[in-house]
Amino acid sequence: MNQNFDILIVGGGAAGFFTAINIVEKNPSLKVAILERGSEVLNKVRISGGGRCNVTHACFEPNELVKFYPRGEKELRGPFHQFCSGDTVEWFEKHGVELKIEADGRMFPVSNSSQTIIDCFQEATKKLGIAVLTNQSVHSVFKKDALWKVETQSETYLSEKLILATGSNPKVWEMLQNFGHVVVSPVPSLFTFNIKDPRIAALPGVSAQVSVKVRDTKLESSGPLLITHWGMSGPAILKLSAWGARILHEKNYQFSVAINWLNDIDTDDAEKILKELKLENAKKAVSKKSPFELTNRLWESLVMASGIDSETKWADLSKIQLQNLSNQLTNGLFQVNGKSTFKEEFVTAGGIDLKEINFKTMESKLHENLYFAGEIVNIDAVTGGYNFQNAWTSGFIVANSI
């Protein structure tokens, strides 16, 4: 027997819940259901931000916020003028969740627990009478007269409007391709670099403010870099992985990066600084103390890699050794062999082609009463709460247009 709803939302994640709550708050008479394929809902919210849920970012200007989206920058400008980070803060406060800003701009619930966000969503859906139906893996979707018909392994649902908020779900993308939608093939977006190199092998946990370039491409970024047991991570690397998602995929994650450990000091200037240090510190051992904003351990490793032993005094440095050291500091080449997922969070570049969506309503341009929210579309962002902000904004716009 068919179950009838005014609106069906496929996907029991952040975008699905946020959309449903906003729809019913604007129009309490609507009968809305969320279909979730698993036995639990909001799993990605639970693990996000190390279990704290990085709800959004304290970037409150739409034109600035869009710059954190490698795919979707142009398309999100209008939506962010409708619902931006400040609106997110206000929405959660209205629903009893206070957010706080950390030093790097990321925003978390004051409780420091993602469970706070999950409880907020679940209490709201219960209060508003939104049906949350688990273990409902969608097998087929088609249009029957003016209604959408959604079949799961155990039920058949009919609704006037259908909202897909399934994130990166190949099965749903395949269904949409059967509907004539173009799906940009997914590739990993946020990942760390696997690097085995003696210069960093003993330095897990060491960080530095750097600039990084991928050799033979135009890809470059700057920011904190973190040395890990498997290679390199941190914002500078994650930004590169996001903006270079497709290029690095084409390279099969085999490429080399040039690291400037001095960030904005070039090789020539570095050599001049080292020559001055040679005069000032003539009788001191080069390796003992870092003269730059680098940890002593990292400095010592780069000194050794330049062919300078641990007892060598500044006064005894040859011209070649000075050049080697300035190169290691500003243009150190590291070979990347593969990638690792960033924490438990897996973000992909890919999804429904942006040209096929009306960003004033988040409705399909091909099919009336079919809407999209969250990462199902070809939009993704760097780490820092931006992917969730896309979920809130798109969910709000879907609710508004409905």
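Everything below is about the structure printed above this text.
Read on for a plain summary of the structure. Owing to the predicted nature of the structure, the values given are computational and were not obtained by experimental measurement.

**Here we look at the packing of helix α10 (residues 267-280) against helix α12 (residues 319-330)**
- Here α10 crosses α12 at 130°, and the two axes come no closer than 9 Å. Viewed along their axes, α10 and α12 adopt a mutual orientation that is oblique. Viewed along their axes, α10 and α12 form a crossing whose handedness is right-handed. Facing α10, whose interface residues are T267, A270, E271, L274, K275 and K278, α12 presents L322, Q323, L325, S326, N327, L329 and T330.
- Of the residues that constitute the contact of α10 with α12, the class distribution is 5 nonpolar, 5 polar and 3 charged.

**Section: empty space enclosed by the protein**
- Applying the stated criterion across every chain, the model contains 1 cavity of 30 Å³ or more.
- The volume enclosed by the largest cavity comes to roughly 80 Å³.
- Lining the largest cavity are V10, V138, V141, W148, L162, L164, V172, M175, L176, F179 and L370.
- Mapped by element, the contributors of at least two residues to the lining of the largest cavity are β7 (138-144), β9 (156-164) and α7 (170-178).
- The element that contributes the greatest number of residues to the lining of the largest cavity is α7, accounting for 3 residues.
- Its residues assigned to classes, the lining of the largest cavity comprises 11 nonpolar, no polar and no charged.

**What about the environment of L147?**
- Looking at the element boundaries, L147 is found in strand β8 (residues 147-152).
- Judged by relative accessible area, which is 31%, L147 ranks as partly exposed.
- With 106 residues separating them in the primary sequence, L147 and V41 have C-alpha atoms 26 Å apart.
- When near neighbours in sequence (up to four residues on either side) are disregarded, L147 contacts F142, L158, S159 and E160.

**Section: the sheet that holds strand β4 (residues 99-101)**
- Taken in spatial order, the 3 strands of this open sheet run β3-β5-β4, and their pairing is antiparallel. If you trace the sheet from one side to the other, it starts and ends with β3 (56-57) and β4, each paired once.
- One ladder, built from 2 bridges, connects β3 with strand β5 (residues 106-109); its direction is antiparallel. Directly across from T56, in β5, lies its bridge partner M107.

**Quick word on the side chain of S211**
- Here S211 is to be found in strand β12 (residues 207-214).
- In this structure the side chain of S211 is engaged in a polar contact, spanning 2.9 Å, whose partner is the backbone oxygen of N263.
- Contact partners of S211, with chain neighbours within four places excluded, come to S221, S222, A258, I259, N260 and N263.

**Remarks on the sheet that holds strand β16 (residues 332-337)**
- Sheet architecture is open: 7 strands sit in the order β16-β15-β12-β13-β14-β11-β17, paired in antiparallel fashion. Each edge of the open sheet is held by one strand with a lone partner, namely β16 and β17 (339-341). Here the strands of the sheet are splayed against their neighbours by 40° on average, with no regard to which way each runs.
- Across the sheet, helix α8 (residues 235-243) is in contact with β11 (191-194), β12, β13 (220-227) and β14 (231-233); its angle to β13 comes to roughly 130°.
- Sheet strands touched by α12: β15 (254-260) and β16. Its angle to β15, the strand with the most contacts, is close to 110°.

**Overview of the pattern of salt bridges**
- For the structure on display, the rule yields 13 salt bridges.
- Its salt-bridge partner being R71, residue D380 comes within 2.6 Å of it at the nearest N-O pair. Here D380 is found in the loop between β21 (370-372) and α13 (386-401), whereas its partner R71 is found in the loop between α3 (62-65) and α4 (73-82), with 309 residues between them in sequence. In terms of burial, D380 and R71 fall into one category: buried.
- A single network of salt bridges, built from pairs that share partners, joins R52, K100, E102, D104 and R106.

**Thoughts on unusual backbone geometry**
- Even without glycine at this site, D216 takes up a positive phi of about 65°.
- By secondary structure assignment, the location of D216 is in the loop between β12 and β13.

**Describing the environment of A282**
- Here A282 is to be found in the loop between α10 and α11 (296-305).
- For A282, a relative accessible area of 28% puts it in the partly exposed group.
- If we ignore the near neighbours within four places in the chain, the residues touching A282 are K313, W314 and A315.

**So, α12**
- In this model, α12 (12 residues) spans 17 Å end to end at C-alpha, consistent with the 16 Å of a helix rising 1.5 Å per residue.
- Looking at α12, one finds that the buried residues are Q321, L322, L325, S326, Q328, L329 and T330.
- Looking at the buried residues of α12, the elements they touch are β15, α10, α11 and β16.

Cut-off values and rules
- Residues numbered from 1 in each chain as written.
- Predicted model: local features only at pLDDT ≥ 70, side-chain atom pairs only at ≥ 80, totals over all residues.
- Heavy atoms only, no water.
- Axes fitted to C-alpha atoms, helices over the stretch in contact; angles between N-to-C directions.
- Helix = DSSP H or I, 4+ residues; strand = E, 2+ residues; numbered from the N terminus.
- Parallel < 35°, antiparallel > 145°, perpendicular 65-115°, else oblique.
- Left-handed = near helix turned anticlockwise from the far one by under 90°.
- Contact = heavy atoms within 4.5 Å.
- Nonpolar A, V, L, I, M, F, W, Y, C, P; charged D, E, K, R; others polar.
- 1 Å grid on protein atoms, 1.4 Å probe; cavity = no way out; pocket = protein on both sides within 12 Å on 5 of 7 lines; lining within 4 Å.
- Points joined across faces, edges and corners; volume = space filled by probe spheres on them.
- Buried < 20%, exposed > 50% of the residue type's maximum accessible area, 1.4 Å probe, protein only.
- Pairing = 2+ DSSP bridges.
- Polar contact = N/O pair within 3.5 Å; in protein donor to acceptor, adjacent residues only side chain to side chain.
- Salt bridge = Lys/Arg side-chain N within 4 Å of Asp/Glu carboxyl O.
- Expected span 1.5 Å × (residues − 1).

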